[in-house]
Amino acid sequence: MNVRPPSPHPSGATPPPIPRDLVPRHVAVVMDGNGRWAKSRGLPRTEGHKAGEASLFDVIEGALELGVPYLSAYAFSTENWKRSPEEVRFLMGFNRDVIRRRRDELHAMGVRVRWAGKPGRLWRSVISELQTAEEMTAANRTLTLQFCVNYGGQAEIVEAALRLADDLAAGRVKRSKVDEKVFARYLDEPEIPAVDLFVRSSGEQRFSNFLLWQSAYAEMVFLDRLWPDFDRRDLWEACEIYAKRDRRYGGAVPNQV
């Protein structure tokens, strides 16, 4: 399959010269600020979600240009069901239509789509589009894009614990062998590596129940830009900040006396 390169940014911007070994392997993105972006313009919240689609796909192309191999996007959380019925209906249809509308484009760029989350109350049409995109792109290797739809980090950990408990009770796993690596195999997408860089737009500074286990040692970057104003240049800025961080994973270099 011939993979088409990502489209260049309209400004002519190109990726920063980050050394290959300092490019984050897995970037998780909380796409926050759609509602505030719309409100500031006197528009319905749904218009902010619509505008955010272009931001997501520009970020995907920016990740491809920089060489980020894994990107996770928080599309709909388990807490989003608390929003108004009108907004939930819009988001269900919007997520379905975005995946359908964009999957050929993602496939052409060699992007593999994965879905993390629970079927639960999701519309069947949303599940169908996610599964179709997964099947269509299964052999792609340029970038793995994890769409987190009806996803919650705490729920994922609980479900993983229940699956592990079943295997322990059945004797398929020995209690003495259980450690963090074994537990991680029971998560929704165990082959996707831990998050290196956790990015949130809009200036808010919290996890919002996103990839909690996977982000245990992630570097956090919070950018004060509403999601519809976000593009690949912001992703690159976050990656530059990440590249300057000293990641010690609990270790430390002895002080020089």
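Quantities reported herein were computed from a predicted structural model and do not represent experimental measurements.

Considering the packing of aromatic side chains
Summed over all chains, the structure comprises 9 aromatic pairs. Between the aromatic rings of Tyr74 and Tyr151, the centroid separation amounts to 6.1 Å while the plane-to-plane angle is 75 degrees, which identifies the pairing as edge-to-face. Within this pair, whereas Tyr74 is found in strand β2 (residues 70–77), its partner Tyr151 is found in strand β4 (residues 143–151), the two being separated by 77 residues in sequence. No difference in accessibility class separates Tyr74 from Tyr151, as the two residues are buried. When the centroid spacing of 4.1 Å and the interplanar angle of 10 degrees are considered together, the rings of Tyr74 and Phe210 count as stacked.

Quick word on the pairing of strand β1 (residues 26–30)
Of all 5 residues in β1, 5 are buried, a share of seventy percent or more. Of the two faces of β1, both are covered, the one formed by His26, Ala28 and Val30 as well as the one formed by Val27 and Val29. As judged from the 4 bridges shared by β1 and β2, these two strands associate in the parallel manner. Looking across to β2, one finds that Ala28 is bridged to Ser72. With 4 bridges joining them, β1 and strand β5 (residues 197–200) adopt parallel strand pairing. Across the sheet, residue Val27 finds its bridge partner in β5, namely Leu197.

Let's talk about the pattern of salt bridges
For the coordinates displayed, the defined rule picks out 28 salt bridges. Asp234 is the salt-bridge partner of Arg225, the closest N and O atoms lying 2.7 Å from each other. A relative accessible area of 36% places Arg225 in the partly exposed class. Judged by relative accessible area, Asp234 falls into the buried class, the value being 6%. Each member of the salt-bridge network shares a partner with another, and the members are Arg4, Glu53, Arg101, Arg102 and Glu105.

Considering the domain arrangement of the protein chain
Considered domain by domain, the protein chain is made up of domain 1 (26–151 + 195–244) and domain 2 (152–187). A straight line from the C-alpha centre of domain 1 to that of domain 2 covers 27 Å. Every contact between the two is made by 10 residues of domain 1 and, on the other side, 11 residues of domain 2. Broken down residue by residue, the surface that domain 1 buries against domain 2 is led by Lys118, Tyr151 and Trp213, which jointly contribute 66%. Across the contact surface, domain 1 and domain 2 share 0 salt bridges. Applying the counting rule to domain 1 against domain 2 returns 4 residue pairs in polar contact (both at pLDDT 80 or more).

A closer look at the nonpolar core
Ile60, Leu71 and Val149 are the most contacted members of the largest nonpolar core, which has 51 residues in total. With 8 residues, helix α3 (residues 85–108) is the single largest residue contributor to this core. If near-sequence neighbours (up to four positions away) are discounted, Val149 is found in contact with Ala75, Phe76, Trp115, Ala116, Gly117, Lys118, Leu122, Val126 and Leu130. Membership of the second largest hydrophobic core comes to 11 residues, among which are Tyr74, Cys148, Val195 and Phe198.

Description of the UniProt feature "binding site: Mg(2+)" (unreviewed entry) in the protein chain
When the UniProt feature table is mapped onto this chain numbering, "binding site: Mg(2+)" (unreviewed entry) sits at Asp32 and Glu219. If you trace the backbone, Asp32 turns up in the loop between β1 and α1 (34–39). We classify Asp32 as buried; its relative accessible area is 17%. Residues within four places of Asp32 in sequence aside, it is in contact with Arg200, Ser201, Ser202, Glu204, Arg225, Leu226 and Trp227. Side chain to side chain, Asp32 and Arg36 meet in a polar contact 3.1 Å long. With respect to the helices and strands, the residue Glu219 is situated in strand β6 (residues 219–222).

What about the pairing of β6?
Burial along β6 is one-sided: Glu219 and Val221 are buried, and none of Met220 and Phe222, which face the opposite way, are. Where β5 meets β6, 4 bridges bridge the pair, whose relative direction is parallel. Paired with Leu197 across the two strands is Glu219, which belongs to β6.

Cut-off values and rules
Residues numbered from 1 in each chain as written. Predicted model: local features only at pLDDT ≥ 70, side-chain atom pairs only at ≥ 80, totals over all residues. Heavy atoms only, no water. Phe/Tyr/Trp six-rings, centres within 6.5 Å; stacked < 30°, edge-to-face > 60°. Helix = DSSP H or I, 4+ residues; strand = E, 2+ residues; numbered from the N terminus. Buried < 20%, exposed > 50% of the residue type's maximum accessible area, 1.4 Å probe, protein only. Pairing = 2+ DSSP bridges. Salt bridge = Lys/Arg side-chain N within 4 Å of Asp/Glu carboxyl O. Domains from an automatic or database assignment. Contact = heavy atoms within 4.5 Å. Buried area = accessible area lost by both parts, 1.4 Å probe. Polar contact = N/O pair within 3.5 Å; in protein donor to acceptor, adjacent residues only side chain to side chain. Core = buried A, V, L, I, M, F, W, Y, C linked by side-chain atoms within 4.5 Å. UniProt positions renumbered as here; feature names shortened; annotations may be inferred.

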